[in-house]
Amino acid sequence: MKTHHCFRIPQSLALILPWLFSLGALNAQNVNVSNQTEMEAAIVAANSGTITSITLTANIALTSALTPIAPPSATLSIQGGGFTLSRDPASPTAFRILAVYSGSTSVSDLTISGGDAALATTSGLGGGIFNSSPSLTLTNCSLLNNVAESYGGALHNEGFATLNNCTLSNNTANWGGGISSETSMVIQSGTMINGNQSLLLGGGIYNSDTLTIDASTITANNSSGSGGGIYHSTGTLTISNSTLSSNITAFGLGGGIGLFNATLAVSDSLITGNESDAYGGGIGLSSGSSAVIERTRFESNISDLYGGAIYGSESIITILASTIQDNEADSDGGGVFVFDTELTINNSSLSGNQ
């Protein structure tokens, strides 16, 4: 059961309300903001249903957490204008940048940087953004250098989130260095997830529900455990027209993608240059997982033990019209290695694997 939040206008913001009126913001349903006090007042006004659009006109460095976003019904639009909303590195307090609790919110052309989701203050969820709303859409946004002590260095999702042409880079968490998602999510339209790190599972993404990835790139992420690029447990992961490259798991399953008791569908994609110190340089499946792989190329993936391109244990794997070339495993199965797994390969090419 989700908690409904009520927000009162803090006394310290009373002086800002005349500023809102003087700009005509309450009539125009839009307000421009250039500092933390104005940003805070605008969010409070949005939560009361007074305004529906916030536009940044300058970089804003936060010294404390903002009020969570919870518009009552109408869509709230936050237009970044190419500016940055960040945590001031001099702030002694750890806090995330944005929390979105309810309503429908779209964020565009904004960089979110330096958030720090500590266990003590935010349960360690979502260093850049925490979302539990039914609709959060990020377009042309960058989430950079955020940290979460638990899940989702850049973004933790418990609602529904869509990423369009976004960049998530250099974020860190225990689970999901870039993203962790417990509910449905869509990543598409040129989104780049690169250079993120997890201390446990899912260097780029940790997912435990339905996730769709299209026309996007997952690259150069690393995980100390399984899923250098993506760790996926339960639910369905669908990947199309995308690239997974140069992701690394230090020890575990799947340099590119690691699956545990989950379903995967991959089509028209490239999986290249990923590495696992154990099982499945490109993709590793275990414990009742299943995968259908179509028209996809596996190239130059490496496993230090089994399955240079693909490893399967207690799983079902179907490979159709795909290419598996020049992959390497130090122990066995340079191309594909399976154990107690149903494997079907049709109309595919395997060559140069060792």
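Residues numbered from 1 in each chain as written. Predicted model: local features only at pLDDT ≥ 70, side-chain atom pairs only at ≥ 80, totals over all residues. Heavy atoms only, no water.

Novice: Give me the confidence of the model for the protein chain: which residues, what numbers.
Specialist: Averaged over every residue, the pLDDT of the protein chain is 93; the share at 70 or more is 92%. The element-level mean pLDDT for the protein chain is lowest in helix α2 (residues 25-28), coming to 45, with strand β12 (residues 142-144) highest at 99. Per-residue pLDDT stays below 50 along residues 1-13; that stretch engages in 14 contacts with residues further than four places along the chain or on separate chains. Overall, residues 19-27 carries pLDDT values under 50, and its contacts beyond four positions in sequence, including any with other chains, amount to 18 contacts. (pLDDT = per-residue confidence, 0-100. Helix = DSSP H or I, 4+ residues; strand = E, 2+ residues; numbered from the N terminus. Contact = heavy atoms within 4.5 Å.)

Novice: Let's hear about the pattern of salt bridges: which residues, and what values?
Specialist: Across all of its chains, the model carries three salt bridges by this definition. For Arg-295, the salt bridge goes to Glu-294, with nearest N and O atoms at 3.7 Å. Here Arg-297 makes a salt bridge to Glu-299, at a shortest N to O gap of 2.9 Å. A relative accessible area of 23% means that Glu-299 is categorised as partly exposed. Within this structure, Asp-268, Glu-294 and Arg-295 form a network of salt bridges that share partners. (Salt bridge = Lys/Arg side-chain N within 4 Å of Asp/Glu carboxyl O. Buried < 20%, exposed > 50% of the residue type's maximum accessible area, 1.4 Å probe, protein only.)

Novice: Quick rundown of the sheet that holds strand β14 (residues 155-157)? Include the residues and the values.
Specialist: The strand order across the open sheet built from ten strands is β6-β10-β14-β18-β22-β26-β30-β34-β38-β42, with neighbouring strands paired in parallel fashion. A strand with exactly one partner marks an edge of an open sheet, and here the two such strands are β6 (98-100) and β42 (336-339). Adjacent strand axes in the sheet meet at a mean angle of 5 degrees, parallel and antiparallel pairs treated alike. Sheet topology note: the strand β38 (residues 310-313)/β42 ladder contains four bridges and is parallel. Paired with Ser-313 across the strands is Phe-339, a residue of β42. (Pairing = 2+ DSSP bridges. Axes fitted to C-alpha atoms, helices over the stretch in contact; angles between N-to-C directions.)

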